[in-house]
Structures are given as structure tokens and as C-alpha cells.
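Okay, here's what each chain looks like letter by letter:
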Amino acid sequence: MSGALPLSPRERAESWLAALENGGCGRQTALRLLAMFPADESYLLLEQALAAGDTDAAFQAAHTLKGVCGNLCLEELYRAAAPLSDALKRGDTDTATRLFEEMRPVYRETLAALETL
Amino acid sequence: MTEKSKSLCDADTILIVEDNDINAAVLADIFDKDYRILEARNGRLGLQVLETHRNRICAVLLDVVMPEMDGIEVLYKLKEKGILTQIPVFLITGDPNNTVMREAYGLGVMDVIGKPVIPFIVKRRVETVIELFRARRRLENSVERQQSEIVRQAERIAELNWGMIEALATAIEFRSGESGTHVRRIHDITELILKETALGKGYSDEEIRQIALASIMHDVGKIAVGDAILNKPGRLTPEEFEIMKTHTTQGALLLEKIPQMRKHEAFRYAYDIALHHHERWDGRGYPEGLKGSALSVPAQVVSLADVYDALVSKRVYKDAFGFDKAVGMIQNGECGVFNPELLNAFAEIEPQIRALYLNGERAAE
């Protein structure tokens, strides 16, 4: 997560909430949906599938992760997951593995930001 | 409204087929205030839920990438079962490229919605279609109701028609001093022979119904025969008999002159029966002296029914014969020659015909 004036974790989390509300979600619903994210297994499944060299499973997991991030307006993680999913769809595991390494810190920071809510 | 269509009108449940909890929750939250929600975590389970709750479901939100059975595979199954035209299915895809969209629309999906979903847009798109399907269903129901009303009215008109034809025939019959039951008997005997014996082979139920109706009018021509001849207690002179015989040609003429009658499905039978119900198999009947298979089956059947009823009933010129005596006279050719096949059919069915009379007497007592 970069920017000239980087947002604090709390500000980041508030921006996701605002985006969800903007889409027509109530604030309580938005909070409840965001609270579900840490338990979502798709990041973990992606990591395991890449390690095991299972491209199909990796694609499924990456695709799901991308979808979840998109639906939850987790913008930064979505932008990291989308090209990863595309790469796996092409069967390009090298690129996918590289992109996954780049995604690790974004995932950690996303979880940290969600904790502030 | 039928039970089935009623329940479809009341369908208030949205089925979400999506493998991920969060994605499913996002979709469920859009609709759970206004609809019941059912969820399935893969395509195979989604199909099962759809089978079980088909009448309750007003829309399906279907993810594409899923384990076990993916969304496209589900669409193929739904198309096979003809469900896609009954229930609107929305494909939710994170990858809305042309190939997926074309395949999905080709299969009959209602709409393709791209992920990430934007709740208020999804809500609007889905609800518009649900409302459209409900309106269509309501329209179908009202058309269905109107159709059955039209059928009921047509039945009432047909009944009225029948009643008027019967009234006319009965009125003519009363003039010749016969009981009002003669035309009824001819109708029932004709129907029985055609329905229950080999002679009626080749005639549909509807045709038999029309022939039986037509048989009621076999004697309408008697309206043109004077009372003195019609009700003469003794034997007719040859001149009088010639006049009596004209009731066949007069009957056909009369039927032909009524435009409504000419258009009636039973007309060709009525005309043929009125004209030919005194013909005989050997060509010695009247008015045309037709012979053998030149005589139609309906005309043959009515002529035999007419003879039988005349024999077992009391008339101004004769007493009633017993049933056995009447059967003997017909089989011996004492009332003219009938088609052997018709006589066989008659012998076979006569006990049932006799029962009509006996039951009728009991009812009258």
C-alpha cells in the first residue's frame, strides 16, 4: 500500500466501509461483512496450492479471493489478486508465484486495518 | 387459478448458488429484507435445492467458478429441464468476458452480472425481472381463467342447442300421438350400438355423439304429413302410404332449409338419417331404394333402432310386442332386411338396449 500521503490503517478501513455504503450497503451490514474476511480461507488455499504446484486449485482460490475482495471493496488487495488470478488462468505459475510474494504484505496490512474497526 | 400457478405467483425466494461464504453473504444482504433466501455452496447442491423448492423460487443468482459443478454446467442442466424459461437465472461472474457472456445468454440466462457486485444495481436489475415474471404469470393466469370461461359458455350454448333440437323433435312426435320418449330411445340405442359394438369402429366419440344427436331428428319430416294420415288408427291405403313415405324427403328438405342447421357439425348425419332411415339392406326400402353398403352405417343403425322401438311400444295402429317377439321379428326379416353385421351387433347389445326400457319403466313408476 503506497501513496504520497499514506493512509493510517483506520483511515483505510473507513474508506472500505464508505465504499460499501456507497454501493448501497448499510453500515452495520458492511461491518458484519468486513468482519467475515479474516476467516475466509481463499488466501490460505492459494498459498497452499501454489506451494503444491496445483495450478487449478490455485486459480480457483485466487479467483475467489479476487471476488471476495471486490465485493468487500478491499481495493488494495483486489488490485493485487486480480492479475494473480489472470496469470493462473493462463497457467503462468511463475508470474503467479511472484505476484503472490508481492501480495503477502498487502494481505497482512489489510488484516491489520480490519482489526481497527 | 390452479394450485401450481398460484404457488408460482407466490414465489418469494431467491436462491444463491455461490461457494464462498462472504460472496454469498454480500448477495443475501441485498435481498434478505424483501425475499426469503436459500443458499447452496456448489452447482450440484444448487440443482437439488431448485428441484425441491422449485415453486417457491423467483430468481437464481448463480456463480460461475465453483467446485463440484460450475455455473455453466448448472445452466446446461437447467436448460435441459426447461427451467430457464420459468425462473430467471442471473449469472454472477468475476470475469465477464465475451465468451462466457455469449455462452450464458445463448443458454437462456436472464442476465450476466459482473463481480464485484454493486448492491443497489444488482437489486434493481434482479427485482425488475422478478416483477416482469410475476406480471407475466398473472397475465397467463387471467388468460387461463378467460379461456375456461369461454369453454363453459360454449358448453352452455351447445346444451341449449341440444335442448332446442330435442324440443322440436319431441313436439313432432307428440303430434303423432307417440310418447315423448321415442326420440330419446332412438338416441340412446344409436349411441349404444355405435359405442359398444364393432359397427361403430372408425367413429370417434365426438362423431358418435353427433350421430346420436342427429338421430333425434330422423322423423322431423312428419310435420309435413297431415294429421288424418299420421294418426290414422287403421291400415293406410296405398295412396296414404305414399304420402306417409314423404316424411323422409320432407325431413331432409326441412333440415336443409335451416341455415343454422346446415352449419351444424351434425347436419350431414341428420340429413342422411332423415332421408334414409327407411331404406333396407336389400334395396326394398324407401325413398331411394338404396342397397347394401350404399347405405351409411348411421342410417342403418337408426333404421333398426326405429323399428325396434316401434315394435316394443304401443302405437295408434298396434299394441306393444314383447322384447323377445320383437327381436325374433327383426332377426327373421319380418320388418325388412338388415345388414347381417348390424344384426350380429344388435343381437350382442340387445340385452343392454332392453335394460334401457326396463330401467326407464322403473323410473317412471
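Residues numbered from 1 in each chain as written. Chains lettered and ligands numbered in written order. Predicted model: local features only at pLDDT ≥ 70, side-chain atom pairs only at ≥ 80, totals over all residues.

### Re the sheet that holds strand S3 (residues 57-63) of chain B
Residues and elements named next belong to chain B.
Moving on, step 1. Across the sheet, five strands lie side by side as S2-S1-S3-S4-S5; this open sheet has parallel pairing. With one partner strand each, in any of the chains shown, strand S2 (36-40) and strand S5 (111-114) form the two edges of the open sheet. In this sheet, adjacent strand axes meet at a mean angle of 20 degrees when their direction is disregarded.
Moving on, step 2. Direction of pairing for S3 relative to strand S4 (residues 89-93): parallel, over a ladder of four bridges. Counted as the bridge partner of Leu61 is Phe90 from S4.
Moving on, step 3. Where helix H3 (residues 43-52) meets the sheet, its contacts fall on strand S1 (13-17), S2 and S3, and the angle it forms with S1 comes to roughly 160 degrees. (Pairing = 2+ DSSP bridges. Helix = DSSP H or I, 4+ residues; strand = E, 2+ residues; numbered from the N terminus. Axes fitted to C-alpha atoms, helices over the stretch in contact; angles between N-to-C directions. Contact = placed C-beta atoms within 7 Å.)

### Side note on the interface of chain A and chain B
Moving on, step 1. Contacts between the two partners involve 17 residues from chain A and, on the opposite side, 16 residues from chain B.
Moving on, step 2. Sorting the residues of the side of chain A that touches chain B by element identifies helix H2 (27-36) and helix H4 (55-71) of chain A as the ones contributing at least two each.
Moving on, step 3. The element best represented in the side of chain A that touches chain B is H4(A), accounting for eight residues.
Moving on, step 4. Split into classes, the residues belonging to the side of chain A that touches chain B amount to six nonpolar, nine polar and two charged. (Nonpolar A, V, L, I, M, F, W, Y, C, P; charged D, E, K, R; others polar.)

### Description of the confidence of the model for chain B
All names here are of chain B.
Moving on, step 1. Of all residues in chain B, 95% attain a pLDDT of 70 or more, and the chain-wide mean is 89.
Moving on, step 2. Confidence over residues 1-8 falls short of pLDDT 50; this stretch has seven contacts with residues more than four positions distant or in other chains.
Moving on, step 3. Across the interfaces of the predicted complex, the ipTM metric reaches 0.88, alongside a pTM of 0.60. (pLDDT = per-residue confidence, 0-100.)

### A word on helix H1 (residues 9-22) of chain A
Residue and element names in this part refer to chain A.
Moving on, step 1. End to end, H1 covers 20 Å across 14 residues, agreeing with the expected 20 Å (1.5 Å per residue, within 8%).
Moving on, step 2. Listing the buried residues of H1 in full gives Arg12, Ala13, Trp16 and Leu20. Buried residues along H1 cover an arc of 100 degrees about the axis, so they all sit on one side. Exposed residues on H1 whose side chains face more than 90 degrees from its buried face are Arg10 and Glu11.
Moving on, step 3. Each element contacted by the buried residues of H1 is listed here: H2 and helix H6 (93-115).
Moving on, step 4. Gly24 lies just past H1 and shows a positive phi near 115 degrees. (Expected span 1.5 Å × (residues − 1). Buried ≥ 20, exposed ≤ 12 C-beta atoms within 10 Å, placed from the backbone. Arc of directions from axis to C-beta.)

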